[in-house]
Amino acid sequence: MLINTNIARMPGSYLFQEIANRLTKYEENRVGRKLIRLGIGDVTMPLPKYIAEKFAEAALNMSTKEGFKGYPPGSGYPFLINKIIEHDYITRGVKLSEDEVFISDGAKTDTGAIQELFSPSAKIAFTDPVYPVYVDSNAMAGRLGEYKNGQWQRAQYLPTTGENGFVPPLPDNDVDVLYLCYPNNPTGTVLTREQLKKYVDWARENDAIIVYDAAYKAFISDENIPLSIYEVEGAKEVAIECCSFSKTAGFTGVRCAYTVIPKEIQGSDSEGNKYSLNKMWLRRLGSKSNGVSYPVQVAAAATYDNEGKTAINETIGYYMENAKILGAVLAKCNISFQGGIHAPYIWLKTPMSMDSWSFFDYLLHNCQIAGTPGVGFGPSGEGYFRLTAFGDRENAVEAASRILETFRG
Ligand code: PLP
């Protein structure tokens, strides 16, 4: 049997493996203070009771003759799709129709699968650092060429660092697809409407499309920052948007997300014939998915009820208070950082010009804090480091006090 060498020859998932190895070794020899983990990208607060009750109720209904449900509609139940349109889009002045929203089990699933719509020879651009799923899924499809010196040779990396104020440059004009993620994982930064418009205009002018990952939009705390790329004029013709209930509502273990593909977006074949990406995605889903379970979609819909909304906002507020505590202590120690305001991530410039892994070891040995080396998210992450706010308050406070003790001038 001949194998898919694009997968077989993928570089290993080095980052989290290496972190786990170093932490295990450290824990084996540790004496004294407990380790505080500020590297986690998973939520830690339980599901709000109101939402869990709706989830359970829906599951129990399935045990009755009247309430039983078989296969769900492939692109999602209208009751959830309409809540999404009403609460996440109409409130921002964006009109969508029911058949432009597709429910799925995760933004990872969708951001990983969306590349199936692109030609094997499509040229792809990513911000650097980047959420690795966009890169890996295109590499596995054989679209990125060879992996040499830490980079895929056919991909365009857009360095996003302190030097350009964490605003990625526009891709080359021959790029077909640009992946953007805002609020950004890992840098914690956001784009203003004017900044976002530049990418939309670039895509329109160059017959390109944007895959916009808005998995962290619930953390945006400024009315003027766009929650959706469709708040930018013309974006419906060029952008696909992926959103998730994972970080918004603590659904990392429940699994529910959605992707918007407006009917206006078109791609072409080599003869210039136009095709609707919305229709292509629907066709693909029909062959590859039987949808998301009924209780999960009921639970997701409950996040839009007043009680659900209040509870999830409280949880987000809790994480963002952690971020505030960590940010305040970094500022006190003159460690420069981004994020922590509209995102649960803090992206700091490593002090004393340490590289990312040296800082990982330094923080571990001096503060007993584990974070994530920035270089693990791409070559331009070198010299940076990510802390997350998803832990509990006690740990955030204790971590802040240890950082202050170690780095105060
Ligand atoms: N997109 C980004 C940028 C993420 O950081 C994550 C998870 O960490 C996801 C998507 C995954 O979302 P989901 O849990 O819906 O698969």
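About the cut-offs
Residues numbered from 1 in each chain as written. Predicted model: local features only at pLDDT ≥ 70, side-chain atom pairs only at ≥ 80, totals over all residues. Heavy atoms only, no water. Phe/Tyr/Trp six-rings, centres within 6.5 Å; stacked < 30°, edge-to-face > 60°. Helix = DSSP H or I, 4+ residues; strand = E, 2+ residues; numbered from the N terminus. Buried < 20%, exposed > 50% of the residue type's maximum accessible area, 1.4 Å probe, protein only. Near = heavy atom within 4 Å. Polar contact = N/O pair within 3.5 Å; in protein donor to acceptor, adjacent residues only side chain to side chain. Areas by Shrake-Rupley, 256 points an atom, 1.4 Å probe, with all protein chains shown as cover. Nonpolar A, V, L, I, M, F, W, Y, C, P; charged D, E, K, R; others polar. Pairing = 2+ DSSP bridges. Axes fitted to C-alpha atoms, helices over the stretch in contact; angles between N-to-C directions. Parallel < 35°, antiparallel > 145°, perpendicular 65-115°, else oblique. Left-handed = near helix turned anticlockwise from the far one by under 90°. Contact = heavy atoms within 4.5 Å.

A.B. asks: So what exactly am I meant to see when it comes to the packing of aromatic side chains here?
C.D. replies: Aromatic rings in a pair are described by how distant their centres are and how their planes are angled relative to each other. According to the stated counting rule, one finds 25 aromatic pairs in the structure shown. Centre to centre, the rings of Y319 and F390 are 5.0 Å apart; their planes meet at 85 degrees, and the pair counts as edge-to-face. With Y319 in helix α11 (residues 306-332) and F390 in the loop between β17 (384-388) and α13 (393-407), this residue pair connects regions lying 71 residues apart in the sequence. Note on Y319: relative accessible area 2%, which makes it buried. Ring centres 4.9 Å apart and planes at 80 degrees place the aromatic pair F359 and F385 in the edge-to-face group. Within this pair, whereas F359 is found in helix α12 (residues 356-367), its partner F385 is found in strand β17, the two being separated by 26 residues in sequence.

A.B. asks: Help me out: how do you make sense of the site of the ligand in this one?
C.D. replies: Near the ligand lie 14 residues; those nearest to it are A107, D213, Y216, S244 and S246. Here S244 contributes a side-chain N or O atom positioned 2.6 Å from an oxygen atom of the ligand. Calculation on the ligand without its partners gives an accessible area of 400 Å², and the protein chains cover 91% of this total. For the shell around the ligand, the class distribution of residues is six nonpolar, four polar and four charged.

A.B. asks: Which parts of the structure should I look at to understand the pairing of strand β9 (residues 239-244)?
C.D. replies: Looking down a regular strand, the side chains alternate between one sheet face and the other. Counting buried positions along β9 gives six out of six residues, so the element sits mostly inside the fold. Along β9, one buried face is formed by A239, E241 and C243 and the opposite face, lined by I240, C242 and S244, is buried too. Inspection of the sheet shows strand β8 (residues 209-213) paired to β9 by four bridges, in the parallel sense. Among the inter-strand pairings, I210 is bridged to a residue of β9, identified as A239. As paired strands, β9 and strand β10 (residues 257-260) are joined by four bridges and run antiparallel to one another. Across the sheet, C243 pairs through a bridge with Y258, a residue of β10.

A.B. asks: When you look at the packing of helix α2 (residues 14-29) against α12 in this model, what are you seeing that I'm missing?
C.D. replies: Orientation of α2 relative to α12, taken along the N-to-C sense of each, is 30 degrees, at an axis distance of 12 Å. Comparing their axes, α12 and α2 come out roughly parallel. Seen from above, α2 lies across α12 with right-handed handedness. In this structure, α2 contributes Y14, L15, E18, I19, R22, L23 and Y26 to the contact, and α12 contributes W357, F360, D361, L364 and H365. Residue composition of the contact of α2 with α12, by class: eight nonpolar, one polar and three charged.

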